[in-house]
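Now for the letters of each chain:
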Amino acid sequence: MRNTTRYPVTGANSLWHVYKTVPFWKVVKNFIVIQLARYTPFLGMKNWLYRVFLGLKVGEHTSFALMVMLDVMFPEKITVGRNTVIGYNTTILAHEYLIKEYRLGPVSIGSEVMIGANSTILPGVTIGDDAIVSAGTLVHKDVPAGAFVGGNPMRVIYTKEQMAERWADDPIYGVEKEIT
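Presented here is an overview of the structure given in this document. (Residues numbered from 1 in each chain as written. Predicted model: local features only at pLDDT ≥ 70, side-chain atom pairs only at ≥ 80, totals over all residues. Heavy atoms only, no water.)

1. Concerning the environment of Thr-90
And step 1. Checked against the element boundaries, Thr-90 lands in the loop between strand 6 (85–86) and strand 7 (91–92).
And step 2. For Thr-90, a relative accessible area of 0% translates into the label buried.
And step 3. In the structure, Thr-90 is positioned 30 residues away from Thr-120 in sequence and 5.8 Å away in space, judged by C-alpha atoms.
And step 4. With residues near it in sequence (within four places) discarded, Thr-90 still touches Met-67, Val-68, Met-69, Ile-115, Gly-116, Ala-117, Asn-118, Ser-119 and Ile-121.
And step 5. Of the polar contacts made by the side chain of Thr-90, one reaches the backbone oxygen of Gly-116; its length is 3.2 Å. (Helix = DSSP H or I, 4+ residues; strand = E, 2+ residues; numbered from the N terminus. Buried < 20%, exposed > 50% of the residue type's maximum accessible area, 1.4 Å probe, protein only. Contact = heavy atoms within 4.5 Å. Polar contact = N/O pair within 3.5 Å; in protein donor to acceptor, adjacent residues only side chain to side chain.)

Here it is in structure tokens:
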């Protein structure tokens, strides 16, 4: 089960209650900042916008590709480690508005993580350090450190140990290198 907190609602579906859960002007500000960042090719500027205006914790050298869509309601619940790549058009959610409830959950993405294009990360998920998420994956549960995962539903394709074995003789990935 994902690490989310559940909040029941009565009457109309939970999205009709949205501005009882998050202020309207916060959503407007977040939307504008996220849209600016989605289209800018300047990685440092994106990280600055995310840190200063959205409250994201973003590690050094982390790269958000074009069109990455962060949670508009609760972006401050997203943490991304150092030297991570978030692929083109990836969506990272920290909330879910359902019929009879809404759920909030932190998203923690580790260091040295590669997330492929067009992936979706659901609330309450932790992606461990050195993990690889294949393009187009729906990340609906935690990803172990060093694992290679993919698909819908997501499954572990290679464990950390299997990845180390596969890359043992690789001239790039088989050797531990220092990032400068």
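2. Section: the side chain of Thr-137
And step 1. Here Thr-137 is to be found in the loop between strand 14 (132–133) and strand 15 (138–139).
And step 2. A distance of 2.6 Å separates a polar side-chain atom of Thr-137 from the backbone oxygen of Ser-134.
And step 3. One polar contact links the side chain of Thr-137 to the main-chain amide nitrogen of Gly-151, over a distance of 3.2 Å.
And step 4. Excluding anything up to four places from it in sequence, Thr-137 contacts Asn-118, Ser-119, Thr-120, Val-149, Gly-150, Gly-151 and Met-154.

3. Side note on the packing of helix 2 (residues 24–39) against helix 3 (residues 43–54)
And step 1. Remark: helix 2 packs on helix 3, axes separated minimally by 9 Å, with the N-to-C direction vectors making an angle of 170°. Judged on the interaxial angle alone, helix 3 and helix 2 are roughly antiparallel. Residue-level inspection shows Lys-29, Asn-30, Val-33, Ile-34, Ala-37 and Arg-38 of helix 2 in contact with helix 3, the latter providing Lys-46, Leu-49, Tyr-50, Phe-53 and Leu-54.
And step 2. For the contact of helix 2 with helix 3, the residue count by class is 7 nonpolar, 1 polar and 3 charged. (Axes fitted to C-alpha atoms, helices over the stretch in contact; angles between N-to-C directions. Parallel < 35°, antiparallel > 145°, perpendicular 65-115°, else oblique. Nonpolar A, V, L, I, M, F, W, Y, C, P; charged D, E, K, R; others polar.)

4. Here's the deal with the pattern of salt bridges
And step 1. In this structure the tally under the stated criterion is 6 salt bridges.
And step 2. When the shortest N-O distance is used, the salt bridge between Glu-112 and Arg-82 registers 3.0 Å. Pair noted here: Glu-112 is in the loop between strand 10 (107–109) and strand 11 (114–115) and Arg-82 is in the loop between strand 5 (78–80) and strand 6, with a separation of 30 residues, a long-range link.
And step 3. Given a relative accessible area of 30%, Glu-112 falls into the partly exposed group.
And step 4. Since its relative accessible area comes to 37%, Arg-82 is described here as partly exposed.
And step 5. Salt-bridge contacts for Glu-96 lead to Arg-103; the nearest nitrogen and oxygen are separated by 3.6 Å. As far as burial versus exposure is concerned, Glu-96 and Arg-103 are alike and both buried.
And step 6. By sharing partners, the salt bridges in this structure join Arg-2, Arg-6, Glu-96, Glu-101 and Arg-103 into a single network. (Salt bridge = Lys/Arg side-chain N within 4 Å of Asp/Glu carboxyl O.)

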